[in-house]
Structures are given as C-alpha cells and as structure tokens.
Amino acid sequence: MTTSPANEANEPHETPWSLWEVFVRSSRGLSHVHAGSLHAPDAAMALRNARDLYTRRNEGVSIWVVPADAISSSDPDSKGSFFESPQGKDYRHATYYTKSEGVKHL
Amino acid sequence: MASQNLQSVPAELSPEELEREQAGQAYFDRIISEDSRIEPRDWMPEAYRKTLLRQISQHAHSEIIGMQPEANWITRAPSLKRKAILMAKVQDEAGHGLYLYSAAETLGQSRDKMTSDLIAGKARYSSIFNYPAISWADMGAIGWLVDGAAICNQVPLCRASYGPYGRAMVRICKEESFHQRQGFEILLELSNGTPAQKQMAQDAVNRWYAPALMMFGPPDDDSPNSKQSMAWNIKRFSNDELRSRFVGMMVEQVKVLGLTLPDKDIRFNEETKKWEHGPLDWNEFKDVLAGKGPCNAQRLERRREAHDDGAWVREAAAEYARKQAEKEYAA
Ligand SMILES: [Fe+2]
Ligand SMILES: [Fe+2]
Ligand SMILES: [Fe+2]
C-alpha cells in the first residue's frame, strides 16, 4: 500500500502484508461475528494468525478471514438517505398493532 | 463543546469544502453530545484524529515493549506451571498490541510506519516498562500493580467515543483480569513462604509501587490535554481520580498479601471521599519518558533486534504466498 518506511531505519525494503478482516463463530448455531483485523501474507497465514490472535480462549469454533479491500460498504456520508426507506414504516413491527393487546398467543 | 470547532480547519477552503467541514463538525458534535460512537469513516476533527492516533499507537507500543520485562523471566520461572502462565500472559500482551495497532490503522496510519517509528525511537510508550525486573517476585508485582493500574485506566476506555478503540479495550480488559490475579498469587505465595521469599515480595512491591502510580499520567493540573480528551469522551475520568481509586483498591488488597505499601501518607480523605497518597517523583517520570530510564536503550535495542531477526520469516512468508498465488493462477 504505502512504500515501506522501514527504509528510514536502514532496512531492506519489505512489502507490507495485506489487511484481513476476521469473523469468528463462537459456537455452533451462531453467525460469524466480526472480531477484528490483522495483517498476513496470504489466507492460510491469515487463518493461523486469526486463531492465535482471536481465539486464545476457545472463543471460536470457526473463523472466516476476508481481504479488507474485498469488502464493500455503504457510504457513511449518505447514511440518512441510504437507510431512509424503513423510516416511518412502523407497521413493519409487531408493536404497531395494539388492538390485539391481551389476546393470548398472538 | 463546539468551542474547539474549526481550529483544525485549514485556511483556504472552497465554499463547498467549508460547508462539508461544517456539516461534518455539526454531525460529530451531535454524536459526541449523545455519547454515541465515532466510526472510522465518519468525519472527525483533525485534532481528534491526531489525539487518538497518538494515544492508541502509544498504547500499542506499550503492550509490545511491555512483553520484555516478563519475557525476561520465562526461562527462569520456578515451575513448569508458572512458565506456562507467564508465556500465556506475555502472548496476551502481544495480542493487545495487535488489537491496538489495528485500531490505530483505522485512523489512517500504516502498521509499518508505527513499527518503524517505535524502533527508530520516535514513538513513546508507557514509562513503566523502562524499569528492570530483577527478581521472580517482580513477576508478581508487575501483574498485581502494573496490570492492576492498567485495568483501572482501561476499563473506562471501553466506553471511549472512538468505536475501534473501545472495542479493542473491551477485548483487552477481559484478558487483563487474569494478568492481575496471577501476579497477586505469585506475591501471595512468596509472602506465605520463607522469610527470604516474603522479603523478596516486599522488595518488589516497594520498587513497583511508585512507578505504577505514575502510570496514570501527570497530576491533573499538569496534564494539559486531559480536558479536551474528556470533552471528546475519549477519557472519562481524570488522571488523579483514577490514581486515587487505584490506591484505595491496593490499600485493601495489600493486607490480604500480608505486605505493605511503601507510602506512609496514604489516607482516606473524609471530606473529598478520595484516597490520597504521598508525593511522587515527577521529575523521574519525565526523565524516563524522555528516554533516560534504567532500561530505555535496552528495550528499544531488543525490539529492533527482534524485528530484524524476524525479517527472514516475513520475507519467506511473503515469497511463499507469492508462489502459491502463482500456482493457483496457473491451475
Ligand atoms: Fe495488556
Ligand atoms: Fe495494557
Ligand atoms: Fe496485561
């Protein structure tokens, strides 16, 4: 990504390892949840590093690693308009329907 | 809170840029006033970004350098159990450094730049790690006092306004409590051992007590950046407030250890409802931060060596990755 500043310290040029995002499934039946990120030269090393870094205490039964630059995300500046559609649509929630209050098993 | 506005905005901005900056600032101010969280891609004042970057990278460096005083005792741990525990703790500290470097990177600083700043002696880290660990009892005193002070400092940081920092702190705090307890146990065992062992424990507590108290940073009236950090919800409590709480906890715990704290001025102030302690040597603190502590040179030299010695591993891994990718492409 950037040119290695290690040169300043009089070192051979090294290409920085790329950034990976780590997702961990804490137990069977649950989704993988973002745990953090790390640097690794390839997917195999990313998985090993993720195991050592994010599951030292049995925090996971499965790990995903994803190259950080492969993730597309919504634009934070347009968050208002992007998430506009559910606004004002309370009728999508069960709590909107109050007349049935007290009716059992509904 | 809007008072810090615009000081960070460069002079020549086009009207559109200025409008964008102002809208960004207004959004930022609202998030902070709602005690919500700022995330990496949000607009943030340049001073906020810089403050965080400095704090988080220094914290990361502290975890990394902090491995050294204890790594020093791994080969000399008194039993296999103690060796395994110490290795797990040191490994955790490496992990803490990595969580924090990741958080700092979200602010736009590359990992390599942080690494090279550290080994070039351009970056700061906690002064505490520039003191030597000269006996096995120091492993106890470090866990109990140093990790104890770190926990006290870090628990409120779990609610820091910058999302990635808070999340890293949550993970770290979960792991730190084992660190403090294992240190406490080391001291307790020594304290219940032979008179010489008990003396060794007391000596370690005597040496680590004042440096641990100084980990909370300079007194409030000499901590110019604290106010702004608190206004930004990065810091939640002042240095003196946290230090006082810590003293209150230690004063009780040291009784269980059957040891004493080397401070005859500790008292609970009934009026302020705060714990007070004796004077600390802030000149020593400044000297150690400025690189004149007993181990600064050694710590940096060791870090540099480790980095250099690891170069072939990084190269080999990168080359292996390149070849694998080539193979995959060919297949
Ligand atoms: Fe730590
Ligand atoms: Fe720490
Ligand atoms: Fe620790």
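For every chain, the first residue of its written sequence is number 1, and the numbers climb from 1 along that sequence. Ligands are numbered from 1 and chains lettered from A, in the order in which they are written. It should be noted that, the model being predicted, local features are given only for residues of pLDDT at least 70 and side-chain atom pairs only at 80 or more, the latter also being counted only at that level, while totals for whole chains, interfaces and linings use all residues. Excluding hydrogens and water, the side-chain figures rest on all heavy atoms present in the structure.

(A) Representation of the overall build of chain A. Counting its secondary structure elements, chain A contains two helices and three strands. The secondary structure elements of chain A, listed N-terminal to C-terminal, are β-β-α-β-α. Exposure classes here rest on a 1.4 Å probe applied to the protein chains alone. A residue is buried below 20% of its type maximum, exposed above 50%, and partly exposed in between. For chain A, the residues scored as buried account for 25% of the 106 residues in total. In chain A, 39% of the contacts between residues at least 6 apart in sequence involve partners at least 24 apart. Helix numbers and strand numbers start at the N terminus; a helix is a DSSP run of H or I with at least 4 residues, a strand a run of E with at least 2. Residues are treated as being in contact if the distance between any of their heavy atoms lies within 4.5 Å.

(B) Structural detail: helix α5 (residues 111-119) of chain B. In terms of burial, α5(B) is a largely internal element, seven of the nine residues being buried. Within α5(B) the residues assigned to the buried category are R111(B), M114(B), T115(B), S116(B), D117(B), L118(B) and I119(B). Residues of α5(B) that are buried in the fold lie against β2 (32-40) of chain A together with α2 (46-65), α4 (80-105) and α12 (296-309) of chain B. G121(B), located one to two residues past α5(B), shows a positive phi value of around 75°.

(C) A look at the coordination of the iron ion (ligand 1). Residues and elements named next belong to chain B. With water excluded from the atoms, a metal site may look incomplete; its donors are any N, O or S atoms within 2.8 Å, or within 3.2 Å for Na, K and Ca. Binding of the iron ion (ligand 1) to the protein goes through E63 (OE), E93 (OE), H96 (ND1) and E176 (OE), at separations of 2.0 to 2.2 Å. The site at the iron ion (ligand 1) holds four donor atoms, and with the angles between them running 85 to 149°, its shape is irregular. In the primary structure, the donors to the iron ion (ligand 1) are separated according to the pattern E-x29-E-x2-H-x79-E. Separating the iron ion (ligand 1) from the iron ion (ligand 2) is a gap of 3.2 Å, which E63 spans by donating to each of them. Working rule for geometry: tetrahedral if four donors all subtend angles between 85 and 135 degrees; square planar for four, octahedral for six, if opposite donors exceed 155 degrees and the others stay between 65 and 115; irregular in every other situation.

(D) Representation of the pattern of salt bridges. Basic side-chain nitrogens of Lys or Arg form a salt bridge, by our definition, when they fall within 4 Å of a carboxyl oxygen of Asp or Glu. Counting across every chain of the model gives 31 salt bridges over all chains. Residues joined in a network through salt bridges with shared partners are R56(A), R57(A), D92(B) and E175(B).

(E) Just the packing of aromatic side chains, in detail. For Phe, Tyr and Trp, where Trp contributes only its six-membered ring, two rings pair if their centres lie within 6.5 Å, and the inter-plane angle classes them as stacked under 30 degrees, edge-to-face over 60, or tilted in between. Tallied over the entire structure, the rule returns 14 aromatic pairs over all chains. Both rings, one in F82(A) and one in F83(A), keep their centres 5.0 Å apart while their planes meet at 85°; by these two values the pair is edge-to-face. Ring centres of Y131(B) and W208(B) lie 6.4 Å apart, and the angle between their planes is 65°; on these two criteria the pair is classed as edge-to-face. Here Y131(B), found in the loop between α5 and α6 (137-154), pairs with W208(B), found in helix α8 (residues 195-214); they are 77 residues apart in sequence, far enough to count as distant. Here Y131(B) matches W208(B) in class, with each residue buried.

(F) Layout of the environment of Y162(B). All names here are of chain B. Mapped onto the secondary structure, Y162 falls in the loop between α6 and α7 (163-191). According to the relative accessible area criterion, Y162 is buried, its value standing at 0%. For the pair Y162 and E276, spaced 114 residues apart in the sequence, the C-alpha separation amounts to 32 Å. Apart from the residues lying within four places of it in its own chain, the contact partners of Y162 are I38, E39, P40, M44, Y48, L52, I56, A103, T106 and L107.

(G) Seen up close, helix α13 (residues 311-330) of chain B. Residues and elements named next belong to chain B. The length a helix should cover is 1.5 Å for every residue beyond the first. The end-to-end C-alpha distance of α13 is 29 Å, a good match for the 28 Å that 20 residues give at a rise of 1.5 Å each. Within the span of α13, buried status applies to A311, R314, A317 and A321. Buried residues in α13, looked at end-on, bunch into an arc of 140°, giving them a common side. Residues of α13 that are exposed and point over 90 degrees away from its buried face: W312, K327 and A330. Looking at the buried positions of α13, the neighbouring elements they touch are α12. Directions pointing from the helix axis toward each C-beta atom define the arc.

(H) The arrangement of the side chain of H179(B) in detail. Residue and element names in this part refer to chain B. Looking at where H179 falls in the secondary structure, it is placed in helix α7. Of the residues examined, H179 reaches a relative accessible area of 0% and is grouped as buried. If we ignore the near neighbours within four places in the chain, the residues touching H179 are K89, D92, E93, H96, G143 and D147.

(I) Structural context of the environment of S244(B). Residues and elements named next belong to chain B. Of note, S244 is situated in helix α10 (residues 239-257). Along the chain, S244 and K274 lie 30 residues apart, while their C-alpha atoms are 6.3 Å from each other. In contact with S244, other than residues within four places in its own chain, are K274 and W275.

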